[in-house]
Amino acid sequence: MKRVDPVAGTPFGVVQLDVPPVTSGLAVGSLVAGIVSTLVAMLVICLGAVSGTGGAWAAGAFTLLGVLAGAGAVVAGLLGLRQIRRPAAPPAVRFTGRGLAVAGVSCGGAGLLLSLLGLGLALLLALR
């Protein structure tokens with residue numbers, strides 16, 4: 001119980017309950033998608049280093065997965081940051097997890113860029 005405000009003229013009161021903060025699901029999802037994007041980007045780079053046309057095709061297929069996961073991580077992280085920043089009145093739920101959202105945005109952006117670099121490496125080695 002946080003506090004009790006008496007109602008004037010009656011023997012009753014209004015209770016303001018303390019609601020504990022909740023970790024933002026968008027922030028957690030952003031971090032998970034960012035880690036997946038980074039791992040897929042490493043797979044794209046490894047497949048891109050394999051010589052031959054087959055490595056370039058496989059890298060291209062996994063690049064799409066890495067780019068989609070990275071873009072999803074960035075979008076979910078930015079939405080999570082907005083959700084966490086939004087002020088809430090005392091009885092409403094407050095969200096935490098700013099660090100998770102920032103880490104998700106950075107991992108997602110890095111995974112997105114590394115996937116595209118891995119695809120470029122695969123195409124460069126396939127044309128050689």
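Notes on the structure follow.

Rules of the game
Residues numbered from 1 in each chain as written. Predicted model: local features only at pLDDT ≥ 70, side-chain atom pairs only at ≥ 80, totals over all residues. Heavy atoms only, no water. Core = buried A, V, L, I, M, F, W, Y, C linked by side-chain atoms within 4.5 Å. Buried < 20%, exposed > 50% of the residue type's maximum accessible area, 1.4 Å probe, protein only. Helix = DSSP H or I, 4+ residues; strand = E, 2+ residues; numbered from the N terminus. Contact = heavy atoms within 4.5 Å. Patch = residues over 30% accessible without salt bridge, like charges linked within 9 Å, V, L, I, M, F, W, Y side chains within 5 Å. Areas by Shrake-Rupley, 256 points an atom, 1.4 Å probe, with all protein chains shown as cover. Salt bridge = Lys/Arg side-chain N within 4 Å of Asp/Glu carboxyl O. Lys, Arg positive; Asp, Glu negative; His and termini not counted. Charge placed at Lys NZ, Arg CZ, Asp CG, Glu CD. Pairing = 2+ DSSP bridges. Expected span 1.5 Å × (residues − 1).

**Considering the nonpolar core**
Judged by nonpolar contacts, Val40, Val44, Ala56, Ala59 and Ala122 together constitute the single largest core of five residues. Secondary-structure elements contributing two or more residues to this core are α1 (25–49) and α2 (53–85). In contact with valine 40, not counting residues within four places along its chain, are Phe62, Leu65 and Gly66.

**A word on a positive patch on the surface**
Judged by side-chain charge, Arg82, Arg85, Arg86 and Arg98 come together as a positively charged surface patch. Following the sequence through the fold, arginine 86 ends up in the loop between α2 and β4 (95–96).

**Description of a nonpolar patch on the surface**
On the surface, Val28, Val32, Val36 and Leu100 cluster together into a nonpolar patch covering about 280 Å² of accessible area. With respect to the helices and strands, the residue valine 36 is situated in helix α1. Owing to a relative accessible area of 38%, valine 36 belongs among the partly exposed residues under this scheme.

**A few points about the environment of glutamine 83**
Looking at the secondary structure, you find glutamine 83 in helix α2. Between the alpha carbons of glutamine 83 and isoleucine 35 there is a distance of 21 Å; along the sequence they are 48 residues apart. Excluding residues that lie within four positions of it along the chain, glutamine 83 makes contacts with Ser24, Leu26 and Phe95.

**What to know about the pairing of strand β1 (residues 3–6)**
Direction of pairing for β1 relative to strand β2 (residues 13–16): antiparallel, over a ladder of four bridges. Bridge pairing in β2 places aspartate 5 opposite valine 14. Taking the residues between adjacent antiparallel strands as the criterion, β1 and β2 are bridged by six residues, where glycine 9 takes a positive phi near 85 degrees.

**Remarks on helix α3 (residues 98–127)**
Between its first and last C-alpha atoms α3 spans 44 Å; for 30 residues at 1.5 Å apiece the expected length is 44 Å, and the two agree. Within α3 the residues assigned to the buried category are Ala101, Gly104, Gly108, Gly111, Ser115, Gly118 and Ala122. Contact partners of the buried residues in α3: α1 and α2.

**What about the side chain of serine 37?**
Relative to the assigned elements, serine 37 resides in helix α1. Look at serine 37 and you get buried, because its relative accessible area is 0%. If sequence neighbours within four positions are ignored, serine 37 has contacts with Gly66, Ala69, Gly70, Gly108, Gly111, Leu112 and Ser115.

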